[in-house]
Amino acid sequence: PPPPAALSLSCPFAFAGFALALPWRLLFALTPPPRVAGGWACFFVALVGIGVITALVGDLAAHMGCCLGMKPAVTAITF
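It should be emphasised that the depicted structure is a prediction, and the values quoted were computed from it without experimental measurement. (Residues numbered from 1 in each chain as written. Predicted model: local features only at pLDDT ≥ 70, side-chain atom pairs only at ≥ 80, totals over all residues. Heavy atoms only, no water.)

Chemist: Just give me the short version of the packing of aromatic side chains, but keep the residues and values in it.
Modeler: The tally for this structure, following the rule as stated, stands at 3 aromatic pairs. Taking the centre distance of 5.9 Å and the plane angle of 90° together, the rings of Trp 40 and Phe 43 count as edge-to-face. Here the residue Trp 40 and the residue Phe 43 both occupy positions in helix 3 (residues 40–68), the gap between them amounting to 3 residues, near one helical turn. Classification of Phe 43 as partly exposed rests on a relative accessible area of 42%. By way of ring pairs, the aromatic residues Trp 40, Phe 43 and Phe 44 are connected into one cluster. (Phe/Tyr/Trp six-rings, centres within 6.5 Å; stacked < 30°, edge-to-face > 60°. Helix = DSSP H or I, 4+ residues; strand = E, 2+ residues; numbered from the N terminus. Buried < 20%, exposed > 50% of the residue type's maximum accessible area, 1.4 Å probe, protein only.)

Now the structure itself:
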């Protein structure tokens, strides 16, 4: 990816996308390489990371549905 200095000169949406993705990229950079422990460490760290992101997205979707007054079944299909 281009450095942040180059992004600040381009459109603000590109910089916003870079800024939003940066914490996740840094978090998943802590995943050990596959050659450690036969790949099992990488697998389980990635699995936990995916679970955390899924829980966050589900929680945010539930809050959004609650704020919009949607039924839980409609929220589950929509978000």
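Now that the structure has been shown, the text picks up again.
Chemist: With reference to specific residues and values, describe unusual backbone geometry.
Modeler: Phi at Ala 37 takes a positive value of approximately 55°, unusual for a residue other than glycine. Locating Ala 37 in the fold gives a position in the loop between helix 2 (12–28) and helix 3. Overall, Ala 37 belongs to the exposed group, its relative accessible area being 53%.

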